[in-house]
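Summary of structural features
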Amino acid sequence: MVYVFRDRAICLVNLVVGMSFISVGPATFHLYGFLIGLGVLAAAEVAERVRRKLAAKDKEWREVSVWDSLIWVVAGGLIGARLYHVIDWWDYYWLHPGEIIMLWRGGLGIFGGILGGVIGLWIYSRSKKKLLMMLDLAGLGLPLGQAIGRWGNYFNQELYGLPFDSAQGEPPFWAIYIKPENRLLSVIDFERFHPLFLYESLWMIITFIIIIKIIKNNKLKIGSGMVFATYLGFYGFGRFFLEWLRIEAWLINGVNVAQAISLGLILSALGFIMWRK
């Protein structure tokens, strides 16, 4: 049964992947979708390996499966991520409604994806205890998955930050070149920019390593929700500061929405961890 759900989950991920541009034998893939799909599968594999180790000692972990839940997580995550992006860019999409479903062109908001994925896990789990167990497994795999998936933004030439002004000197070697057709109008005259996708990818790798080390030192109990809370806190912390490098942040009444959400995640994570301890 597990392998049946695993195959179905992989097929669902392939729906995200199968959107052209790179050829592998008879198949073609869009690199944006390919890397997001690869990130999803890497995150799921890490989480499932940990679950199997826990299941060898505790029979409660045998009642859940990462691969069984992946269909719900991916479906909920995609819907939530796309909705977040569409709401953010509503001034554009209400004029171009046909482009809302064009996922291969980019435009997925991670905050919406997290919320959608949590809803998917809630539907799968059907109990508070199982939900906390699955969330902690997600908190283990998500940092790695995000670190991989963010490179899809590189190939789509999106998620770039403030420009480097060549008049002030040679840009650093890590500055990314953005084609004129992919530049926002406000920075159309600049060529090289901060690679926000790279900064977030590196931060997620650091987060992944830290969470693994904390767990190995027995400072976090998997299944209590604290691992997922730790992930949310770390991601919120990094995202809060990266928002300062955004060119056109989503603002409501002068408040940066992503920074407000990030701050909320940090405070919620700290409060939950202190409460559980």
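The model shown is predicted, which means the values in this text are computed figures rather than measured ones. (Residues numbered from 1 in each chain as written. Predicted model: local features only at pLDDT ≥ 70, side-chain atom pairs only at ≥ 80, totals over all residues. Heavy atoms only, no water.)

**A look at helix H5 (residues 110-125)**
Across its 16 residues, H5 extends 22 Å between first and last C-alpha, which sits within 8% of the 22 Å expected from 1.5 Å per residue. Here H5 has its buried residues at Ile110, Phe111, Gly112, Gly113, Ile114, Gly116, Gly117, Gly120, Leu121, Tyr124 and Ser125. Downstream of H5 by one or two residues, Arg126 has phi in the positive range, about 65 degrees. (Helix = DSSP H or I, 4+ residues; strand = E, 2+ residues; numbered from the N terminus. Expected span 1.5 Å × (residues − 1). Buried < 20%, exposed > 50% of the residue type's maximum accessible area, 1.4 Å probe, protein only.)

**A look at the packing of H5 against helix H9 (residues 226-242)**
At their nearest, the axes of H5 and H9 sit 13 Å apart, and the two run at 170 degrees to each other. Of the possible angle classes, the one that applies to H5 and H9 is roughly antiparallel. Handedness of the H5/H9 crossing: left-handed. From H5, Ile110, Phe111, Ile114 and Val118 reach across to H9, where they touch Phe228, Tyr231, Leu232, Tyr235 and Arg239. Of the residues contributing to the contact of H5 with H9, the split by class is 8 nonpolar, no polar and 1 charged. (Axes fitted to C-alpha atoms, helices over the stretch in contact; angles between N-to-C directions. Parallel < 35°, antiparallel > 145°, perpendicular 65-115°, else oblique. Left-handed = near helix turned anticlockwise from the far one by under 90°. Contact = heavy atoms within 4.5 Å. Nonpolar A, V, L, I, M, F, W, Y, C, P; charged D, E, K, R; others polar.)

**A look at the pattern of salt bridges**
Scanning the entire structure with this criterion turns up 7 salt bridges. Two residues, Glu48 and Arg51, come together in a salt bridge whose shortest N-O distance is 2.8 Å. Of this pair, Glu48 and Arg51 both sit in helix H2 (residues 31-55), 3 residues apart, which is roughly one turn of that helix. In terms of burial, Glu48 and Arg51 fall into one category: buried. Arg52 is the salt-bridge partner of Glu48, the closest N and O atoms lying 4.0 Å from each other. With Glu48 and Arg52 both in helix H2 and 4 residues apart, the pair spans about one turn of that helix. Relative accessible area serves as the criterion here: at 3%, Glu48 is assigned to the buried category. Linked through salt bridges whose partners overlap, the residues forming this network are Glu48, Arg51 and Arg52. (Salt bridge = Lys/Arg side-chain N within 4 Å of Asp/Glu carboxyl O.)

Don't take any of this as a statement about function, it's just geometry.
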